[in-house]
Amino acid sequence: MITETTVSISLLANFVTWYFTPLDKIREFITDKWVRLCVKYNQFWLVNAIKPLTCAKCLAFWGGLIYTQSLMQAILASMIAVFIKFMLEYVTKPESK
């Protein structure tokens, strides 16, 4: 069942990862430092651990799983986040003539 919490998690994930641009520099800085650290210590398998900061679907899933402790709610939050991101990209896309 889709609850207010599920939708809130999805909206927050889109807000943090894509829509709110002041967080872009912070996200890029953290991502760059993490990748450099992993490469420095030859821990290439850890590079993808930073993915939830850059992916709305991943952040909604993991955030939903941690917050609700329900796999079904986490999957729904992830699917709603993808749908919201698609809608936002479609609305903000310039019209081609």
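Quick note: structure is the one above.
For the structure given in this document, a descriptive report is provided here. If you're wondering where the values come from, they're calculated on a predicted model, not measured in any experiment. (Residues numbered from 1 in each chain as written. Predicted model: local features only at pLDDT ≥ 70, side-chain atom pairs only at ≥ 80, totals over all residues. Heavy atoms only, no water.)

A look at the environment of W34
Tracing the backbone through its elements, the reader meets W34 in helix α2 (residues 23-40). A relative accessible area of 28% means that W34 is categorised as partly exposed. Taking the C-alpha atoms as reference, W34 lies 29 Å from L76; in sequence the two are 42 residues apart. Aside from chain neighbours lying at most four places away, what touches W34 is L46, V47, A49 and I50. (Helix = DSSP H or I, 4+ residues; strand = E, 2+ residues; numbered from the N terminus. Buried < 20%, exposed > 50% of the residue type's maximum accessible area, 1.4 Å probe, protein only. Contact = heavy atoms within 4.5 Å.)

Considering unusual backbone geometry
The backbone of N42 sits at a positive phi, close to 55 degrees, despite the residue not being glycine. Take N42: it is sitting in the loop between α2 and α3 (56-68). Residue N42 is classed as exposed on the basis of its relative accessible area of 53%.

Considerations on the pattern of salt bridges
A full pass over the atoms with the stated rule returns two salt bridges. Where D24 meets R27, a salt bridge forms, and the shortest distance between an N and an O atom there is 2.2 Å. Of the two residues, D24 and R27 both sit in helix α2, three residues apart, roughly one turn of that helix. In this structure, D32 and R36 form a salt bridge, with 3.0 Å as the shortest nitrogen-oxygen distance. Within this pair, D32 and its partner R36 are both found in helix α2, separated by four residues, close to a single helical turn. (Salt bridge = Lys/Arg side-chain N within 4 Å of Asp/Glu carboxyl O.)

Digging into the packing of aromatic side chains
As enumerated under the stated definition, the model contains two aromatic pairs in all. Centroid distance F61 to W62: 5.1 Å. Interplanar angle 80 degrees. Geometry classified as edge-to-face. (Phe/Tyr/Trp six-rings, centres within 6.5 Å; stacked < 30°, edge-to-face > 60°.)

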